[in-house]
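Summary of the model geometry
Given next are the chains, with one letter for each unit.
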Amino acid sequence: MFDTVVIATDGSGSAERAVEAALDLAARFDATVHGLYVVDAGEVEATPEEVREALERALATTGGRALSFIREAADAEADEELITAVRQGDPADEICKYANEHDADVIASGTRGRHGEHGFLLGSVAEEVVRQAPMPVLTVRQLEGDPNPEREGV
């Protein structure tokens, strides 16, 4: 049923939970796994010129860590074929393009699970992917109280 699973990651706690769920799904169907990290070009372009290079390095480091997490988790499963990629652009657009290019059967993504009156107004990459993608999208919410690696050391 699922031959190709794309895991879109940003290195957040919810993305790590999505990795675990997607690898479990891939193992059940002996599917190929693609780990994808997208550098948000809009975020980089909106940054003042004097700090842009530092931001690009920081985003590359975050992407490397996020894809390493997928590699390590996949090694633990040892059954899935794993391909990793880094793209630059609008995250939702790039995730959908990548999934289409590789004939993905499902996209897995974390979501921070915003609630309340602002939940529908704030939007997120996961929400945009759900709206745009022609294939199913598995969204996995970060549990309350789970540590968020993005906030460590802040």
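Look above for the structure.
Analysis parameters
- Residues numbered from 1 in each chain as written.
- Predicted model: local features only at pLDDT ≥ 70, side-chain atom pairs only at ≥ 80, totals over all residues.
- Heavy atoms only, no water.
- Helix = DSSP H or I, 4+ residues; strand = E, 2+ residues; numbered from the N terminus.
- Buried < 20%, exposed > 50% of the residue type's maximum accessible area, 1.4 Å probe, protein only.
- Contact = heavy atoms within 4.5 Å.
- Areas by Shrake-Rupley, 256 points an atom, 1.4 Å probe, with all protein chains shown as cover.

Quick notes on the overall build of the protein
A count of helical and extended segments in the protein gives 6 helices and 5 strands. Shown N-terminal to C-terminal, the secondary structure of the protein runs as helices and strands in the order β-α-β-α-α-β-α-β-α-α-β. The buried share of the protein, reckoned over its 154 residues, is 42%. Summarising the internal contacts of the protein: among those between residues at least 6 apart in sequence, 79% fall at separations of at least 24. Total accessible area on the protein is roughly 8,800 Å²; 47% of this is exposed by carbon and sulfur atoms.

Thoughts on helix 4 (residues 91-101)
Along helix 4, the residues that are buried comprise Pro-91, Ala-92, Glu-94, Ile-95, Cys-96, Tyr-98 and Ala-99. Turning to helix 4, the residues buried within the fold contact strand 1 (4-9), strand 2 (32-40), strand 3 (82-89), strand 4 (106-111) and helix 6 (125-132). Just downstream of helix 4, Asp-103 is the residue with a positive phi angle, here 50°.

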